[in-house]
Amino acid sequence: MSLWAQDGYAIPDATARTARAAFPKGCMALRIRDQLGELFRDGDFAGVFPVRGRPGLSPARLMLVSILQFAEGLTDRQAADAVRGRLDWKYALGLDLDDSGFDASVLTEFRQRLLTEDEPARLLQLMLDRLRDRGLLRSGGRQRTDATSVVMSVREVNRLEQVAETMRAALEAIAAAAPDWLAAHWQPDWPVRYGQRATDYRLPNGKQARDEYAVVVGGDGFALMQAVYAETDRSWLAELHQVEVLRATWIQQYYRSGDTVVFRDSDSGLPPGARFILSPYDVDARHGFKHHAKWLGYKAHFTEACEPDLPHLLVHVATSHAATSDIEVMADLHADLAAADLLPDEHLVDAGYVSVDGVLHARDQYGISVVGPLPPDSAWQARDPDAFDISRFRIDFDNRTVTCPNGKVAINWWEGLNRNQLPIVHVGFGRRNCTPCNDRALCTRSRDNPRSLTFRPQRQFAEQQRIRAEQATPEWRRQYAHRSGAESTMAQASARADVHRTRYRGLAKTHLQNVLIAIALNLIRLDAWLSGALIGKAWTSRLTKISTALAA
């Protein structure tokens, strides 16, 4: 397919007349087309289409179809049917009444073209630039960010199911690519073990039988890989995706001790959750934990402008592995906003995004004030008002000394890195001063060891104390209250487009889905803003209303 770009798509007279008769009060698709015109143009997609070949469908129209699809939570087939049968969609797309539309598979092929590394972000940026030209968006001001879980589209499996299904997927891929080669290396037991999907009820019962089965599967995998990597005439077999997944999975799940195949356990070196492959069909998905929630898949990070005099538009979307901490996203998020000239003056985030180093970097590099709660001091001394927490010690960074409340000076000062590779300072006091101290019970619970302290270097330590002091004030709480609207964004994305479950496999496709959801939410919010619809307040239960009335 090649791109034959057109300047625009006027609405046919018959389509306009019929749609306005059918929707005398208007609807979102009609209002968006009337108010904003064409959000995308064919020329915007020149980089993802070849210059030769049969002319394809208009990518600008396909993009709008994809956005409307997520705005209404439709499947590909339902979206294709809407193009054929709905007047409001034909109006927005500029189609004739008798236009027969396209097959649903066209949307799959179109999304595949948008999977280049920067394309999803560029499409969101194109929309935001055109909205900024219309005065509906500006840089600076206030923005807020929140994350939500995105569950992978493939089913959850246990480790035995995973290795058996990985072996089956590799055999299926080779059978499709080189059936004659596979026939030459055939093993009679393979159809019995891998002829059908590896589901738990098909696997052996009992721990010993399952352990033996896991070893057999491991031996089959090693034998298959040995044959594949020894192949010289068809070396490309080793480059098949499912063969590469088999190799990576076997590294994580097995090792060989001589001629013995060993199925790994926690004592023999299973990889950390951030690197552990969960399924042969989605190698990017990871374990995620947040508070008491657990899921397998990804995280979606949405950033929205929240100025009171402008629509609350989503200005940035990031998608990460579920095991990625929110703090790790902040630096790239600010860099992307800077490149798009959409940096805020004030960035409201929850505790998961806040770190002293991140706050300082955002201020130094971009002039952003990051507002979010910093976890309090977790030491037991900080929870006891009579105990000696770190605030009771006098720290002299210039002379590298620490003095305790009773005037004793630490005997050593050591600078290093913590487990997160962040700079820290560790000091310790001497036994001669700590052991006979009358206030020892207020300082340490150790029977023998003297008091020691670990804290950040001077600049980070001062910033840490400043944030903790500020977040205890009513002014800070009023400022931070503006972040609460981020929860309604997640609720809207969930209700409209089921953001908590990806339709696709892999990080790149999941990110594209999240970008399309963000653009769709922007259309919904623009429609509400331009039509003068009031922003709904948070839902309050009847019981709460009665309780509030009685309290008053």
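Numbering of residues starts from 1 in each chain and follows the order in which that chain's sequence is written. The model is predicted, so local features are restricted to residues of pLDDT at least 70 and side-chain atom pairs to those at 80 or more, both for listing and for counting; the totals for chains, interfaces and linings are taken over all residues. For side-chain calculations, the full set of non-hydrogen atoms in the structure is used, while hydrogens and water are omitted.

Moving on to the overall build of the protein. Assigned secondary structure in the protein consists of 22 helices and 13 strands. In terms of overall dimensions, the protein has a C-alpha envelope of 95 × 70 × 50 Å along the principal axes. Considering the protein as a whole, with its 552 residues, one finds that 46% of them fall into the buried category. Working rule for contacts: check all heavy atoms of both residues, and any pair within 4.5 Å makes them a contact. Of the contacts made within the protein by residues no fewer than 6 positions apart, 69% connect residues no fewer than 24 positions apart. Surface exposure of the protein reaches about 28600 Å², of which carbon and sulfur atoms provide 51%. The charged-residue count follows a simple rule in which Lys and Arg add positive charge and Asp and Glu add negative charge, with His and chain termini not counted at all. Just so you know, the charge point we use is NZ for Lys, CZ for Arg, CG for Asp and CD for Glu. In the protein, 68 positive and 68 negative side-chain charges are present, and the distance between their average locations comes to 5 Å. Helix and strand assignments come from DSSP, with helices taken as H or I runs of at least 4 residues and strands as E runs of at least 2, each series counted from the N terminus. We call a residue buried when its accessible area falls under 20% of the maximum for its residue type, exposed when it is over 50%, and partly exposed in between, using a 1.4 Å probe and counting protein chains only. Only the protein chains shown count as cover for residues, and all accessible areas are computed by the Shrake-Rupley method using a 1.4 Å probe.

Residues spaced three or four apart along an α-helix face the same direction, because each turn holds 3.6 residues. Along helix α4 (residues 76-85), the positions that sit buried rather than exposed are Asp76, Ala79, Ala80, Ala82 and Val83. Looking straight down α4, one finds that the buried residues subtend no more than 155° of arc, so they occupy a single side. The outward face of α4, more than 90 degrees from its buried face, is lined by the exposed residues Arg77 and Gly85. Taken together, the buried residues of α4 touch α3 (59-71), α5 (87-93) and α6 (105-113). Working definition: the arc comes from the directions between the helix axis and the C-beta atoms, pointing outward to the latter.

This brings us to the side chain of Asp146. Looking at the secondary structure, you find Asp146 in strand β1 (residues 142-151). Discounting residues that sit within four places of it in the chain, Asp146 has contacts with Ala300, His301, Phe302, Asp350, Tyr353, Arg483, Ala486, Glu487 and Met490.

Further remarks concern the packing of aromatic side chains. We call Phe, Tyr and Trp rings a pair once their centres come within 6.5 Å, taking the six-membered ring for Trp, and we label the pair stacked below 30 degrees between planes, edge-to-face above 60, and tilted otherwise. Tallied over the entire structure, the rule returns 13 aromatic pairs. Both rings, one in Phe45 and one in Phe110, keep their centres 5.9 Å apart while their planes meet at 55°; by these two values the pair is tilted. Pair noted here: Phe45 is in the loop between α2 (28-36) and α3 and Phe110 is in helix α6, with a separation of 65 residues, a long-range link. For Phe110, a relative accessible area of 0% puts it in the buried group. For the ring pair Tyr254 and Phe263, a centre distance of 5.1 Å and an interplane angle of 40° mean the geometry is tilted. For the pair formed by Tyr254 and Phe263, the shared burial category is buried. Pairwise contacts between aromatic rings join Phe222, Trp250, Tyr254 and Phe263 into one cluster. Criterion for a charge above a ring: Arg CZ or Lys NZ at most 6 Å from the ring centre, at most 35 degrees from the ring normal. Above the plane of the ring of Phe222 lies Arg256, whose end atom (NZ or CZ) is 4.1 Å from the centre.

All right, on to the pattern of salt bridges then. When a carboxyl oxygen of Asp or Glu is within 4 Å of a side-chain nitrogen of Lys or Arg, the pair counts as a salt bridge. If you walk through the whole model with that rule in mind, you get 34 salt bridges. One salt bridge connects Glu161 with Arg155, and the closest N-O pair in it is separated by 3.3 Å. Classification of Glu161 as buried rests on a relative accessible area of 7%. Each of Lys290, Lys299, Asp326 and Asp350 takes part in salt bridges that share partners, so that together they form one network.

Below, the discussion takes up the sheet that holds strand β13 (residues 452-455). A pair of strands is labelled paired if DSSP reports no fewer than 2 bridges between them. Spatially, 3 strands are ordered β11-β12-β13 in an open sheet, and the strand pairing comes out antiparallel. If you trace the sheet from one side to the other, it starts and ends with β11 (412-417) and β13, each paired once. For this sheet, the mean inter-axis angle between neighbouring strands, taken without regard to orientation, is 20°. Relative to strand β12 (residues 423-428), β11 is paired through 6 bridges, and the arrangement is antiparallel. Residue pairing across strands places Glu415 opposite Val425, the latter belonging to β12. In this analysis an axis means a line fitted to C-alpha atoms, helices contributing only their contacting stretch, and an angle means the value between N-to-C directions, from 0 to 180 degrees.

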